[in-house]
Each structure stands twice: as C-alpha cells, then as structure tokens.
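Architecture at a glance
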Amino acid sequence: MTITQQDVELSELARGFLSREVHYLFIDGERVPAVSGNTLSTSAPSTGEVLARFSSGDSSDVDLAVAAARRAFKGEWSTWTPYQRQALLIRVAQVLDERFEELAQIEALDMGSPISRVRNSKQGLMRMLSFFAAQALSISGETLTNGIPGNVSTMTLKAPVGVIGGIIPWNGPLNSQFWIIGAVLASGCTTVLKPAQYASLSVLRVAEILHEAGVPAGVLNVVTGRGSEAGTALAAHTDVDRVAFTGSTETGQKIIEASTSNIKKLQLELGGKSADIICADANLDKAVPAAAMGVFANSGQVCYAGTRVLVQRSVVDQFTERLLEYMTTLRVGHSLDSAATLGPVISESQLDTVLSYVDVGVSEGAELLYGGERLGAGGGYYMQPTVFGSVTNQMRIAREEIFGPVLSIIPFDDIEDAIEIANDSDFGLGGAVWSENLSTALRVVQGVHTGTMWVNCYGYIDPLVGFSGTKLSGYGAKGTAAHMDTYLYTKSVYIQL
Ligand code: NAD
C-alpha cells in the first residue's frame, strides 16, 4: 500500500489565512495575542511539517474571554428577538455555504481528514444550521393550572442559561463546534470555545467569518491552547454557567469535578467502543463496506466508530473474506488528495498509541489479518487500516477506545449472545445491527444498552433525531429540542391577581 499525494490546490483565501505568522485568540470581536505572549505550533498530519503557530491561552485569557462573553450576554444581544436570532443563523448558513471550501481545506490540512470527507460533511452542517434557526423560534414556556386557593395564575418561562464554555476535540472541529454555536445563537447565550491544541484553525477562522457575518462582539470567543491550561481554566471558571464538552471519558471525569466550583450544568459527549452486529441473514453486499467505513472513516478517529464488529459464527469466514477484499480498495493518502478514503491520524503520539494497541492485540492472541504497520518513511502520520480476527470481548483491543483505524472481528453464536457481548462494555455510544429480519433487528435495538442504534446502516446523524451516549459515553442529547433545553433554564412564575 502506498501513500497517495496532494492534488487539491489551496484556495487563495485558505493560503492567505494559513500564511499568518501567528493565529491569535478571538476575544470580543478582535484577534488578540495571549496575555503571556506564548504560542504553540501545529503540524499537518499529512506531512508532519509545521502548519501554523497559534496563541497558547491560559487562565488570564480565559478570564478576559469569559468577561467579554458575560458583557455580551447582558448587553444588546439580550434584547435581540427570536426573529433576529433566526435571521442571524440563516445569514451564518449562507456565509458558510459560500466559504465552505476554504474552511474544508483548512480543516483537512490541520486535522488530516480526507478533503472529500470534509466536503461531504457540508450537507450535515447546513442541516444543523437549519435546525438551530428553527429552534430560535421554538423557545416557549407553559401556562399551567394550579391548586393554590385564590386567584393565582401560573406559568413557566424559558431563559438562556448564560455563558457556555465549549470544549471540543480534534477529530472534526469544523462541524462539531456548531452543536454549540448553533444552540448559543438560537438561545441567546454566549460562548467561549476551547478547541483542541492539535486542530484549532477551523474554529478560529469560523469565529472571524461569523463576526463579519454579524455575530456581535463577545457572543462567540475562542481561546486556543493546552487542555491543561486554557481547558482547565474554562472548566473551573465560576462565571461560566454551563460546559458543553466533547472528548475523552478521562477528561470528561475531570470536567465533572471542575463543575462543582459553581454547580455548572454539563453536557458530556465522551468516548465509545460501539458494537456493529452482523447477523447471519445480513445483506453482506451492504454490510461489509459499511462496517469497514464505520471504523476506517476519519482513520478511526470517530467517537461512535463501530470498532467491535460482532459477526454470527456461521458467516464469519464469508464476512472476513469479503472484508479483506474490500480492504484492498481503500486508498490512504494526503488529506488534500481528492480521492483518498483515509488520511493520516492526528499526531505522531496518536500513531504510537494505535501501533501499541496492535502489539497488544497480537500478544493477547488476536489474529492480525490485515495491516498493522506504519505507512511511509516518516513525515506524515500514516497507518495501515488494520483488521484483527478471532478477537474475544475480554481482550484490551475490544475494551479500550483505540481511536485509530483498527477493526476487531468478534464471533457470536445467537442474537442473545450478541446482545450480551455488545453490552459487556464500559461505553454506550453507538451501535448497529444488520439483518433482513425486522424482528431480529428490533430485538437487538431493544437489547443493546447504548445511546444510538443504526439498523442496516451506520453513522447517520440528523439534529431532528439526535445523538447521545450513556454509561461512560456521557450524557446530554445532541440534537432534538432536548439539546436546546440545556441552553435554557426554566423559571416558574406565580402571579397573584
Ligand atoms: P481529550 O479529552 O483529550 O480533549 C478534548 C478537549 O478537552 C480538548 O480541547 C482538550 O484540550 C481539552 N482538555 C484536555 N484536558 C482538559 C482538562 N483537564 N480540562 C478541560 N479541558 C481539557 O480528547 P481528544 O483526544 O481531543 O479527542 C478524542 C476523544 O474525544 C475520544 O475519546 C473520542 O471518543 C471523543 N469524542 C467524542 C465525541 C462524542 O460525540 N461522543 C465526538 C468526538 C470525539
């Protein structure tokens, strides 16, 4: 397997942005250096070369950003009507539609996701913005009856929670930030975003573009930097009302501890080890490529990746043979190769982690059927997409989130056995079942303890339907009215007439 090369030429806008000497923080509508003057660099995963330098914010910068967000929350923004906030979201969608290619190129270079995948995500982003634009007009309380003697009217009001700390991971910040920005703009909250240090650039660029599009100063602020500095400061800040966090379970646990400072509300979208269950009667023409891409999309750096592929014993050989055939069609390449199906992983250390899991799998007795090695002679962080057979659910490669392109085939005997294996996990994020029999499929859907299940497909997400986790995968819905509700609080009102 060879690594394919870049064929997409950077647009002038993307080149201009990337040529900046330092990418500053974005606070109160301005690009500002970190108070300390410190910077960090980020490398392009496709080449390993330094792509950009950016400000390394710490608690002083978080203080300034939270103060700006608080001023904006109390200021003119609080007088905007739902119609004005909806019009702003529609304008944001128009501007992003026009500027998407520039943003996609920045994202692909910064985090290594193939450009075709980032381009394809545009539809999902547009759906998300339409969803939040609609939500802006759907915020309402209730008029309630009561048992109080006398003439007392009662109702509930919904009000924006306040300043939201948004802490996001590196595996797709261009789109994932809009779960927060969309809800903030629809609800009348304000936010300070802290992107991951390995992929901050699309978040900084979006903040500037949205400010130009009319998002008022202070409503959307970005503090880049280390999780241990900017992240911890934001999570613990006593003037932050709520934290929306997406990232690892380990960091999520620290966010919960930090939230006690002022009893912050939390939404936590954490890790996963999802089971993709292939029954004997599955349509393998569809199940094989979908199960493969359910793991290898974004080089396995997807929280809901179906990394435990549970296959009914009677079709394991057939499934495996067809999967190995499919593997030869995958194309690993530079994130700006328009035909690449897999890019590199995010960093040298992530590559080392993934390779160490390959060693763990082999030492535990799993059968390495495909891949397992670094690709190329250094430079980019490329990994061969990897398949293990004869995996048991007790092996570490079946229990721990690898966050790389590693698929494990785990045989099962019957549906109840599959459900038991699927549930024997600390996580509960995604999962799927493949069967031509509706009763079988529904039995599995009902039996698996997880936040999201797909039937005869993998990975669809629509804000109207939502997506969430359970167990160590976190809590708090993404999408649906429940998502908006967490950016609002309810006030009970009693009126003596
Ligand atoms: P991570 O937990 O290391 O970092 C996530 C973010 O938290 C980053 O911005 C980081 O700088 C910050 N951070 C780190 N330590 C912190 C601390 N002590 N206090 C506050 N902030 C801190 O995760 P990652 O490596 O960037 O991303 C990969 C993880 O994210 C995987 O576990 C993956 O499953 C998960 N993820 C989950 C979802 C989901 O929706 N469930 C989506 C994407 C990624």
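See the structure printed just above.
So, a few notes on the structure that sits alongside this text. (Residues numbered from 1 in each chain as written. Predicted model: local features only at pLDDT ≥ 70, side-chain atom pairs only at ≥ 80, totals over all residues. Heavy atoms only, no water.)

**Examining the site of the ligand**
Around the ligand sit 27 residues in total, of which Lys194, Ser248, Thr251, Leu270 and Glu401 are the nearest. Contact between the ligand and Trp170: an oxygen atom at 3.0 Å from a side-chain N or O atom of the residue. In the environment of the ligand, an oxygen atom lies 2.5 Å from a nitrogen or oxygen atom belonging to the side chain of Glu401. For the ligand, the accessible surface in isolation is 830 Å², of which the surrounding protein chains cover 86%. Counting residues per element, the ones that place at least two in the shell around the ligand are α8 (227-236), β10 (242-246) and α9 (249-259). Tallied by class, the residues present in the shell around the ligand amount to 13 nonpolar, nine polar and five charged. Each of domain 1 (10-270 + 473-494) and domain 2 (275-462) accounts for three or more of the residues forming the shell around the ligand. (Near = heavy atom within 4 Å. Polar contact = N/O pair within 3.5 Å; in protein donor to acceptor, adjacent residues only side chain to side chain. Areas by Shrake-Rupley, 256 points an atom, 1.4 Å probe, with all protein chains shown as cover. Helix = DSSP H or I, 4+ residues; strand = E, 2+ residues; numbered from the N terminus. Nonpolar A, V, L, I, M, F, W, Y, C, P; charged D, E, K, R; others polar. Domains from an automatic or database assignment.)

**Some thoughts on helix α6 (residues 173-187)**
Here α6 is 15 residues long and its end C-alpha atoms lie 21 Å apart, about the 21 Å a rise of 1.5 Å per residue gives. The axis of α6 is deflected most strongly, by about 30°, at Trp179. Counting buried positions along α6 gives 15 out of 15 residues, so the element sits mostly inside the fold. Gly188 sits one or two residues past α6 and shows a positive phi near 95°. (Expected span 1.5 Å × (residues − 1). Bend = angle between axes of the 7 residues up to and from the residue. Buried < 20%, exposed > 50% of the residue type's maximum accessible area, 1.4 Å probe, protein only.)

**Some remarks on the side chain of Gln350**
Summarising the element assignment, Gln350 is placed in helix α12 (residues 348-363). Taking relative accessible area as the criterion, Gln350 reaches 13% and is therefore assigned buried. A distance of 2.8 Å separates a polar atom in the side chain of Gln350 from the backbone oxygen of Phe403. Those residues in contact with Gln350, other than ones at most four positions away along the chain, are Trp170, Gln301, Val345, Ile402 and Phe403. (Contact = heavy atoms within 4.5 Å.)

**Let's talk about the sheet that holds strand β14 (residues 367-370)**
Read from one edge of the open sheet, seven strands run β14-β17-β18-β13-β12-β20-β21, paired in mixed fashion. The strands lining the two open edges of the sheet, one partner per strand, are β14 and β21 (454-455). The pairing of strand β13 (residues 308-312) with strand β18 (residues 406-412) spans five bridges and is parallel. Each bridged residue has a counterpart across the sheet, and for Val309 the counterpart in β18 is Ile409. (Pairing = 2+ DSSP bridges.)

**Let's talk about the side chain of Glu102**
Summarising the element assignment, Glu102 is placed in helix α3 (residues 82-111). A residue is classified by how much of its surface remains accessible, and Glu102, at 3% relative accessible area, is buried.

**A closer look at the nonpolar core**
Ranked by size, the top nonpolar core spans 64 residues in total, and within it Val92, Leu96, Phe132, Phe178, Leu185 and Leu210 carry the most contacts. Elements that contribute at least two residues to this core include exactly α1 (12-18), β4 (50-55), α3, α4 (115-120), α5 (122-136), α6, α7 (201-212) and β9 (220-222). When residues of this core are assigned to their parent elements, the largest contribution, 12 residues, is made by α3. Other than its neighbours up to four places away in sequence, Leu185 contacts Trp77, Arg85, Leu88, Leu89, Val92, Val215 and Val219. Listed in part, the 35 residues of the second largest apolar core include Ala287, Ala291, Ala305 and Leu323. (Core = buried A, V, L, I, M, F, W, Y, C linked by side-chain atoms within 4.5 Å.)

**Description of the environment of Ile415**
Inspection of the secondary structure assignment puts Ile415 in helix α14 (residues 415-423). When its relative accessible area of 17% is taken as the criterion, Ile415 is described as buried. Placed 346 residues apart in sequence, Ile415 and Ala69 show a C-alpha to C-alpha distance of 51 Å. If we ignore the near neighbours within four places in the chain, the residues touching Ile415 are Cys279, Thr440, Arg443 and Val444.

**Things to note about the sheet that holds strand β5 (residues 143-144)**
The pairing of strands in a sheet happens through backbone hydrogen bonds and is either parallel or antiparallel. Strand order in the open sheet made by the three strands is β5-β6-β24, with antiparallel pairing throughout. Of all strands in the sheet, those with a lone pairing partner are β5 and β24 (488-496), marking the two edges. As paired strands, β5 and strand β6 (residues 152-160) are joined by two bridges and run antiparallel to one another. In the sheet register, Leu144 faces β6, and the bridge partner there is Thr154.

**Considerations on the packing of α3 against α5**
Between α3 and α5, the shortest axis-to-axis distance is 8 Å and the interhelical angle comes to 170°. The angle between α3 and α5 places the two elements in the roughly antiparallel class. Between α3, through Pro82, Arg85, Gln86, Leu89, Ile90, Val92, Ala93, Leu96, Asp97 and Phe100, and α5, the contact on the second element is made entirely by Lys122, Leu125, Met126, Leu129, Phe132, Ala133, Ala134 and Ala136. (Axes fitted to C-alpha atoms, helices over the stretch in contact; angles between N-to-C directions. Parallel < 35°, antiparallel > 145°, perpendicular 65-115°, else oblique.)

**Considerations on the packing of aromatic side chains**
A ring pair, where both rings are aromatic, is described by two values, the distance of the centres and the angle of the planes. Inspection of the entire model under this criterion finds six aromatic pairs. Here the aromatic rings of Tyr304 and Trp454 are separated by 5.4 Å at their centres, their planes lie at 55°, and the arrangement is tilted. Separated by 150 residues along the polypeptide, Tyr304 in the loop between α10 (284-296) and β13 and Trp454 in strand β21 bring together distant segments of the chain. Residue Tyr304 shares its accessibility class with Trp454, and that shared class is buried. Between Trp454 and Tyr458 the ring centres are 4.8 Å apart and the planes differ by 40°, which places this aromatic pair in the tilted class. The ring centre of Tyr487 lies 4.2 Å from the NZ or CZ of Arg242, which sits over that ring. (Phe/Tyr/Trp six-rings, centres within 6.5 Å; stacked < 30°, edge-to-face > 60°. Lys NZ or Arg CZ within 6 Å of the ring centre and 35° of its normal.)

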